[in-house]
Amino acid sequence: MAWLKGRGVAAVNYPTGMNLGGDPSQALIHATTTGGFVITLSSVDLGQGIKTVGAQIAAETLGVPYENVVIDTADTDTGPHCMGTFASRGTHRIGNAIMMAAREAREVMMSVAATELEVDPGDLVTDGKGRIHVNGAPDKGMSVVDVALAAHFKLGKTISGRGMYMKPKSEVVPETGEMDPDSCQAHACTVADVEVDDETGEVRVLKMTNAYEIGRAMNPALAHQQIVGGAWMGISHALYETTEPYYPDRAHGPTDFSQYLMPGPGDIAEMDSVIIERPSSNGPYGAKGIGEMTANSPIPAIANAIFDACGVRVTSMPFTPEKILRGLDALRGIAN
Amino acid sequence: MKHSVVSLTINGTERQMLVAPGTTLVEVLRENQGLAGTRRGCDQGACGTCTVLVDGKAMMSCLLPVETIEGARVETIEGLTPMQGLHPIQEAFLEGFATQCGFCTSGMIMATAGLLARNPNPSRDDAVRAISGNICRCTGYEAIIDAVLDAAKRMQAAQRSEAA
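Residues numbered from 1 in each chain as written. Chains lettered and ligands numbered in written order. Predicted model: local features only at pLDDT ≥ 70, side-chain atom pairs only at ≥ 80, totals over all residues. Heavy atoms only, no water.

Turning to the sheet that holds strand β8 (residues 160-167) of chain A, a few remarks are in order. Residues and elements named next belong to chain A. The strand order across the open sheet formed by four strands is β4-β3-β2-β8, and the pairing between neighbours is mixed. The open sheet has two edge strands with one neighbour each: β4 (69-72) and β8. Put simply, the sheet's adjacent strands are angled 20° from each other on average, direction ignored. Direction of pairing for strand β3 (residues 37-40) relative to β4: parallel, over a ladder of four bridges. Within β4, the position partnered with T40 by the bridge is D72. The strands that helix α1 (residues 50-62) touches are β2 (23-31), β3 and β4; relative to β4, the one it contacts most, it runs at about 135°. (Pairing = 2+ DSSP bridges. Helix = DSSP H or I, 4+ residues; strand = E, 2+ residues; numbered from the N terminus. Axes fitted to C-alpha atoms, helices over the stretch in contact; angles between N-to-C directions. Contact = heavy atoms within 4.5 Å.)

If you want it as structure tokens, here you go:
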């Protein structure tokens, strides 16, 4: 009896966004009296990082420091509309809406500064550190704080902006099924190295090597973490998670969380991931979505690696020891 | 069944509370004491997100009827957090991207605190074992294990600079 080693490869093309009856998200932005910028959204950050990435996009577009931006993911009763956090659409849809809102707010901010400095707004630039000044003359300028104060207390203006991004509904061609469901596609490939115990049917994932082409990585640390976490989830889907019976019937299946299997910190595979950046044409600063796709390619890669290791072709998830052993029996001509 | 008065030292302050039989520590912390930093997940000891320190040891507060720990010292994430800034473990988790949705984070940090209290210089295996009762559905654990080891280094450095 032996641990058999195998290697499997799988690739994924993943759409950013989906074909709804129109797929909109909106953002509102306004400056506080002291030059902070608050972005109001209904989008939810459940750990994927939209608050971080949204604030980065706003800061870049406004030309102010990241620390000056607050994302308020208010509440769906009071916030501007968002379809939600799904279909890997957050960075793309909400990011585009934030960018549009920030552009409008920047225009007001620059016009207030121009009035105060008595120059043409077209001659002004932001330094990204909290100052606005005449291009080429850093001394002739003022802080964003003073601009905000002037807008509020002298000129009676709001420095604000409205943003929305909508992918219109794409009608399906009845004859061919043809439609335009998404905004762009991200691509990835996973190579899985596994070993299979031909006595117990147990599968161990030894290493996962991933390459992701996700447009511009808005925040490489977050993107990398999404890849690692998603690969873990893929391993979990592939080898562990089910509410269906293990063996031989439902009575032996898990009944609550304490029996629901998933890999723990002692079961993780060595992970090596690279990000390839090819900016998309329509995402904010070239971004595409890297959300759900990270759990996809690990699963068929593991299935292929199991086939490479022991010749068993598993066709349903999870790839439990029972399925591997039944497959090995079939290969040996043993009825089961 | 009669209610009883239980006294616990929670984050350094002695508290007395009237509890129904079987009331768990996590219920007392969240509902009675308003310490919502301790999360309530599975309520059956499977997920570890309710981990707190009881007499210095990391324990799952959903499994502890408070009557059984009368007089114990309890430390939660609120007690670990200094008045200003962050605890070295929190810094390590923050800077190492060891948190995503955050639901497991309090429990992970308290499990780490329990580990480092008894073993200031843990191996990678020690770190894995210390958090093996805590489930994370986001990160894939790699960043958390790295953060536990980084926290150990930060705490040793802090102790060295205190001694100097």
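Text resumes after the structure shown.
What follows covers the packing of helix α4 (residues 220-239) of chain A against helix α5 (residues 298-310) of chain A. Residues and elements named next belong to chain A. Interhelical geometry of α4 versus α5 gives an angle of 50° and a closest axis separation of 8 Å. Taken as axis vectors, α4 and α5 run oblique relative to one another. By crossing handedness, the relation of α4 to α5 is classed as right-handed. Where α4 abuts α5, its residues A231, G234, I235, H237, A238 and L239 lie against P298, I299 and I302. (Parallel < 35°, antiparallel > 145°, perpendicular 65-115°, else oblique. Left-handed = near helix turned anticlockwise from the far one by under 90°.)

Before going further, it helps to spend a moment on the domain arrangement of chain B. Residues and elements named next belong to chain B. Examined at the domain level, chain B breaks down into domain 1 (4-79) and domain 2 (88-163). Put simply, the middle of domain 1 and the middle of domain 2, counted by C-alpha atoms, are 21 Å apart. At the junction of the two partners, domain 1 supplies 17 residues and domain 2 supplies 15 residues. Summed over both partners, the interface of domain 1 with domain 2 buries about 1,100 Å², with 62% contributed by carbon and sulfur atoms. Counting the contacts that link domain 1 with domain 2 gives zero salt bridges. Here domain 1 is connected to domain 2 by five residue pairs in polar contact (both at pLDDT 80 or more). Contributions of two or more residues to the side of domain 1 that touches domain 2 are made by β3 (51-54) and β4 (57-60). When residues in the side of domain 1 that touches domain 2 are grouped by element, the largest group, three residues, is from β3. Across the side of domain 1 that touches domain 2, the residue classes break down as seven nonpolar, seven polar and three charged. (Domains from an automatic or database assignment. Buried area = accessible area lost by both parts, 1.4 Å probe. Salt bridge = Lys/Arg side-chain N within 4 Å of Asp/Glu carboxyl O. Polar contact = N/O pair within 3.5 Å; in protein donor to acceptor, adjacent residues only side chain to side chain. Nonpolar A, V, L, I, M, F, W, Y, C, P; charged D, E, K, R; others polar.)

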